[in-house]
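Fold and contact review
So the chains spell out like this:
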4 protein chains.
Amino acid sequence: MAGSTFGRQFTITTFGESHGKTIGVVIDGCPAGLSLCETDIQAYLDRRKPGASRFSTQRREPDEVEILSGVFEGRTTGTPICLMVPNTSQRSADYDEIASYYRPGHADYTYDQKYGFRDYRGGGRSSGRETIGRVAAGAVAARILKELGIEVCAFTRSIGPVSIDDSRFDRQAILQTPTCMPDWEASRKAEEYLSDLMAQKDSAGGVIECQITGVPTGIGEPVFDKLDARLAAAVMSIGAVKAVEIGDGTAVSKLTGSQNNDAFYADESGIHKKTNHAGGILGGISDGEPIVLRAHIKPTPSIFQKQETIGRDGQNRVVTIKGRHDPVIVPRAVVVVECMASLALLDLLMANLSARMDGILKFYRD
Amino acid sequence: MAGSTFGRQFTITTFGESHGKTIGVVIDGCPAGLSLCETDIQAYLDRRKPGASRFSTQRREPDEVEILSGVFEGRTTGTPICLMVPNTSQRSADYDEIASYYRPGHADYTYDQKYGFRDYRGGGRSSGRETIGRVAAGAVAARILKELGIEVCAFTRSIGPVSIDDSRFDRQAILQTPTCMPDWEASRKAEEYLSDLMAQKDSAGGVIECQITGVPTGIGEPVFDKLDARLAAAVMSIGAVKAVEIGDGTAVSKLTGSQNNDAFYADESGIHKKTNHAGGILGGISDGEPIVLRAHIKPTPSIFQKQETIGRDGQNRVVTIKGRHDPVIVPRAVVVVECMASLALLDLLMANLSARMDGILKFYRD
Amino acid sequence: MAGSTFGRQFTITTFGESHGKTIGVVIDGCPAGLSLCETDIQAYLDRRKPGASRFSTQRREPDEVEILSGVFEGRTTGTPICLMVPNTSQRSADYDEIASYYRPGHADYTYDQKYGFRDYRGGGRSSGRETIGRVAAGAVAARILKELGIEVCAFTRSIGPVSIDDSRFDRQAILQTPTCMPDWEASRKAEEYLSDLMAQKDSAGGVIECQITGVPTGIGEPVFDKLDARLAAAVMSIGAVKAVEIGDGTAVSKLTGSQNNDAFYADESGIHKKTNHAGGILGGISDGEPIVLRAHIKPTPSIFQKQETIGRDGQNRVVTIKGRHDPVIVPRAVVVVECMASLALLDLLMANLSARMDGILKFYRD
Amino acid sequence: MAGSTFGRQFTITTFGESHGKTIGVVIDGCPAGLSLCETDIQAYLDRRKPGASRFSTQRREPDEVEILSGVFEGRTTGTPICLMVPNTSQRSADYDEIASYYRPGHADYTYDQKYGFRDYRGGGRSSGRETIGRVAAGAVAARILKELGIEVCAFTRSIGPVSIDDSRFDRQAILQTPTCMPDWEASRKAEEYLSDLMAQKDSAGGVIECQITGVPTGIGEPVFDKLDARLAAAVMSIGAVKAVEIGDGTAVSKLTGSQNNDAFYADESGIHKKTNHAGGILGGISDGEPIVLRAHIKPTPSIFQKQETIGRDGQNRVVTIKGRHDPVIVPRAVVVVECMASLALLDLLMANLSARMDGILKFYRD
């Protein structure tokens, strides 16, 4: 596979460039009989749409999705679902200059090295717009997960130095704050921080957390397709992510075994763990507790300060990037993390269907 | 794929349980004509062999590898290479008790939930012994990388609170300290820390870093098979890893764009970057600078203190684990991280062979 | 993978239904730097376009392809290429009746059994229109093969009882006869045969042959991805194909070893075989001689006679199919066979790039 | 994947050469809870064992299988199952000579071209002994199919010009005649034919048929992973197979639609077809009727007559092959065809588990 396909059974193949005609995705392996319409998907796309706040690029794209195949009379048919979003706001002129040099922190240089040339308009395939396909497909995955009683919820944990306080966690705020923080107070501080950075023509990074509840035990395939390994691959494949943590993540390296082990216990409602340092995954398999992961997002590389770099001609030069860029990627990436986690999880839920003889016999004999 | 296969072109499939007859791996897709003998592989296996220091399990296993196929007259033939290590020290009696309960921090519970029952002897398939197959295959990958001028070097960055000081970095120390730290002084402190923990019947975690030099630019397949995504999956699939960082990793979430961007520059020796916050990867593709990743390892879950858990019967109970267990996994996991990184990288080096028409034409026309 | 993706490195994912909005394909893994425009692809699509002769359905579809991504300034960029053909002639009314019963010889019944319901309009996903995606992608593959000096040529060997005579082989005739036979005389006879069948409201099958010249030796991966195995899968995946032969095919079962073995010989121009019973493949690997395969196509199942079948209600009934259907599929399937063979071959040409250490070293060191 | 792996969910990876230490297979994705022991597998291996009759090579190999992993207390655990058969009768001296030249009809030349050199001992990886891994894995697949009520039965339909008469079909004869024909009379004629050929130092081919009953409707994934496409790939990947037919196969190309369509009808026992020209597959999906396929096997290329060929030095020469070779491969290949068909079918039975929302919901909610 050449890299644009994710998943083994619920597979998605994305296509399209930032300033090409269209961005889209083909989902293959979506089970038949799922109720699905454009509105279901649009709700997710709207969460990553540019222009929603002053901290997101002022490029105006409606990003309206169209279902081109795989749905008949309101339900999925089991055949490939093609979802497409036309690119409408293609101010390529803004980008013409960048054809001639390599922006620091961007993939311009590496694409040229790999392929010999590149579609430089707005970053081409390496643009954040590529995630539209992921989100459209993730919206479909999320619908299936929801029917299975699984809820996937991502939010901004921190932007630069400003972190949320879990005691103020307000889920409603995720969709209402411009930062996608579930904490109104932290969000206000983060907004101030971002305003200051914008004044300095600089940008910020942050941390996105994703919590998944309702996952049955037993999901994840040892040894290379562990649930955490697949989640890590899914999330690390998002452009700006530089670290992925599961459960207590980096903190575990400083803990002792007696601090880090989660004790099992049983009560009338079933088997549980007293703590969840493991983030809901043991040996790569879900243990029934909430799955917790965090993605660390780098600051937007497109800043409006002068920067040193080289041209395509190999000569040193100083450049000032123009165009429309988010001062922070984090809020718009929240739904992308949520969708990639959903896709990874759903694929392993399907893989698990054949884990046991009794399950297979029941399926075919009943 | 059911989880025991890694890679698309250089594929490895591992098999075997801790107390089964044998542990092994089949490599498919190894190019023909590579000089290979058991000694090449044994050197890597010896680095993860138990019993090498007082901080590793006292279980004595020679872990001697045999090449069963795919090599003829000292060279690989292009056909599958089966590598096998017999299990010899199977003191299953030590483990019989654990058949009846779920050890905290282990995969006992989740395997039972997924498969309905489990090979409980020594952790069965979820044992650290499973990594023997990875290391044997990784040794073969490393040989190929070496011929391409690529060097993969992993080491212990920290154990518990004790970190190395980069100013004291001594590469020789990696293979000579019991901690696999490249810093004699830090290693001594870590050894003291571990001795204290052992006295308290507790265990430690730590951080492994892996640096890869000599990687050509252009390696990694956008968008889901980015080099960092595949490295993350490779490393996160190792049992005790709970976080993976690329380059500056978690630190980037607090940096600004002007701090985090790596400026390109050209001099007579070619194109370089002034800094390497990105860890050698831009847009998922290698940029020619050293690739840097870190894996955060949890403390060994098998501790000799009393722990609360439940039995297979679903009843709450208090247990004390017996047997032979490492007080810290980190030193023995160093070579595993190195091998998984090598496997991920080699696979993408192969994928890149078909990235450009000129490369394909040259291959077939010359 | 859920079935709509073909290939490992040059992968294609098709989507779309007969009466949906569009039919298309995403190609992932196309090497960068290939000159490509719509005209290149349209030429192939025109060969399968309906309405070209009185032996093909009178449904009028322009079947015009649009390149939506992956091409920039006339060359492929290495990123996914989405090709799309809108469906314009959607006379669904013709098909409404078939919602209520299962046409003999069609996939109506099996789709309903598998998925619980189906897009019945024009056969939905099981329609021959699905092959548009294959042909569009195959046209791209063919361009690459051509640059490698490989020529793929399919033609009609027989329709019903009428076979071509190899002594009259005229390659020009393939594109000029309504039967795609390379023999004007045989074509005239076949046309008469078809006219008679149409008068009887019946339909015909036939045999398509594909010859591939210029293939380097060494293509094909033992043991499951043999060149013949992959060609067989590629061709058998075309709707109406019921048998695939390589080289002498079914005839070999009656030959003796001394009759069937192809003797090697060397002359000043290199190594050759005196005969080519094997069809250019030995042990699943190309041997440098022309590759020869044949596909046996069943007669069009949509005939206008009365037929017995059952309704969706499970009741027996007699039906008469209406609509626009080819009395023979063979001529329009010729280009589909050619394209599937091209796709299978190209994918294995890419796989072979990593077969040998010297090839890999040369690629990365030069 | 480099070619030695078959299947997506029930995956098998074979390894080993004719004269290497061992031949084997790793099965990944076998569901947990299947009762399995060596005897189950040995019964299948004994059917392909050499030396069983005078028409099979007199090489004496016990071909005893050992289960090395994945089974605990008599049941599969869901983890990889490694099955191994040591090579014991390695009279490599017989084969030393063939190091120097290319046997007509064998893969010697193509392996050398692909890989630069080859393990020439007994054909190395291209030997028929490679099928041991397929048969061992197929035996496991067959056990699962049997529990699902599916029976896979292959037999010899013809050897050279001698075909069975369906009116004399006696299933017991398959395991009792040296030809594996289900017809005692035809077998006797075939034995005479073979004796004559052996006297002439020549060899024969033949046809193997495989019938599969009890397959549920709905198995097969459109469009590229159709049941017939996967069966074709599975069977064509067996060394000597040159053609694969489904149902009426090659005969359909001469039939008309009215002759070839299978009428559906319903009675109290359910939905059926009056005929089964389609061989149980419509649109690539099983229709509930018996699945029928035929493989055409070429005559053994190792004959003891003088043959023209070239040496590794590129010089023309005349050779006479020595060693121990079957005068006909067909009888020993019967179980290989049966196993490959079983593997292809089982893999698609697993893929089908996620075809519908209701199936997934039922699995996870019950």
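1. Some remarks on the relation of the copies chain D and chain C
When chain D is fitted to chain C, the residual RMSD is 0.0 Å, and the transformation amounts to a turn of 180° plus an axial shift of 0.0 Å. Such a combination of turn and shift is consistent with a two-fold rotation axis. In terms of proximity to the rotation axis, the leading residue of chain D is D:A233, whose C-alpha is 2.4 Å off the axis. In this assembly the copies share their binding face: 100% of the residues contributing to the interface of chain D also contribute to that of chain C.

2. Notes on the pairing of strand β13 (residues 270-273) of chain B
All names here are of chain B. Where strand β12 (residues 264-267) and β13 come together, 4 bridges link them in antiparallel fashion. By the bridge assignment, F264 is partnered in β13 with K273. The turn joining β12 and β13, which pair antiparallel and follow one another in sequence, is formed by 2 residues.

3. Structural notes on the pattern of salt bridges
Evaluation of the coordinates by the stated rule reveals 116 salt bridges over all chains. Of the charged contacts, one joins D:E221 and C:K114 as a salt bridge, the two residues approaching to 2.8 Å between their closest N and O atoms. Taken together, the residues span two chains, with D:E221 in the loop between β10 (206-213) and α7 (227-236) and C:K114 in helix α3 (residues 108-115). Of the two residues, D:E221 and C:K114, neither departs from the other in class, the shared state being buried. Taken together, the salt bridges that share partners define one network made up of A:R103, A:D108, A:D112, A:R118 and A:R312.

4. Details of unusual backbone geometry
Generally, phi is negative for residues other than glycine and the peptide bonds are trans, each holding for most cases. The omega torsion across A:P222 and A:V223 is 5°, close enough to zero to call that bond cis. Phi angles above zero are rare outside glycine, and A:C180 is one such case at about 60°.

5. A look at the interface of chain A and chain D
Between chain A and chain D, the residue contacts involve 26 residues of the former and 26 residues of the latter. In this assembly, chain A packs against chain D so that about 2500 Å² is buried in total across both faces, 66% of it on carbon and sulfur atoms. Of all residues in chain A, A:L353, A:M357 and A:Y364 bury the most surface against chain D, accounting for 30% of the area lost on that side. Applying the counting rule to chain A against chain D returns 0 salt bridges.

6. Remarks on the interface of chain D and chain C
Taken together, the contacts link 101 residues of chain D with 101 residues of chain C. Summed over both partners, the interface of chain D with chain C buries about 7900 Å², with 58% contributed by carbon and sulfur atoms. Counting every contact that joins chain D to chain C gives 4 salt bridges. Counting every contact that joins chain D to chain C gives 47 residue pairs in polar contact (both at pLDDT 80 or more). If one sorts the elements of the side of chain D that touches chain C by residue count, helix α3 (residues 108-115) of chain D sits on top with 7 residues. In terms of residue class, the side of chain D that touches chain C is built from 44 nonpolar, 36 polar and 21 charged.

7. Overview of the sheet that holds strand β9 (residues 162-163) of chain B
Judged by pairing direction, the sheet is antiparallel, and its 10 strands sit side by side in the order β9(A)-β8(A)-β10(A)-β16(A)-β11(A)-β11(B)-β16(B)-β10(B)-β8(B)-β9(B) without closing on themselves. Every interior strand has two partners, whereas the edge strands, β9 (162-163) of chain A together with β9 of chain B, have only one. Both strand β8 (residues 151-159) of chain A and strand β10 (residues 206-213) of chain A contribute to a ladder of 8 bridges, which runs antiparallel. Bridging across to β10(A), A:T156 finds its partner in A:I208. The strands that helix α9 (residues 330-351) of chain A touches are β8, β10 and β16 (291-297) of chain A; relative to β8(A), the one it contacts most, it runs at about 145°.

Parameters and conventions
Residues numbered from 1 in each chain as written. Chains lettered and ligands numbered in written order. Predicted model: local features only at pLDDT ≥ 70, side-chain atom pairs only at ≥ 80, totals over all residues. Heavy atoms only, no water. Least-squares fit on C-alpha atoms with pLDDT ≥ 70 in both. Contact = heavy atoms within 4.5 Å. Pairing = 2+ DSSP bridges. Helix = DSSP H or I, 4+ residues; strand = E, 2+ residues; numbered from the N terminus. Salt bridge = Lys/Arg side-chain N within 4 Å of Asp/Glu carboxyl O. Buried < 20%, exposed > 50% of the residue type's maximum accessible area, 1.4 Å probe, protein only. Buried area = accessible area lost by both parts, 1.4 Å probe. Polar contact = N/O pair within 3.5 Å; in protein donor to acceptor, adjacent residues only side chain to side chain. Nonpolar A, V, L, I, M, F, W, Y, C, P; charged D, E, K, R; others polar. Axes fitted to C-alpha atoms, helices over the stretch in contact; angles between N-to-C directions.

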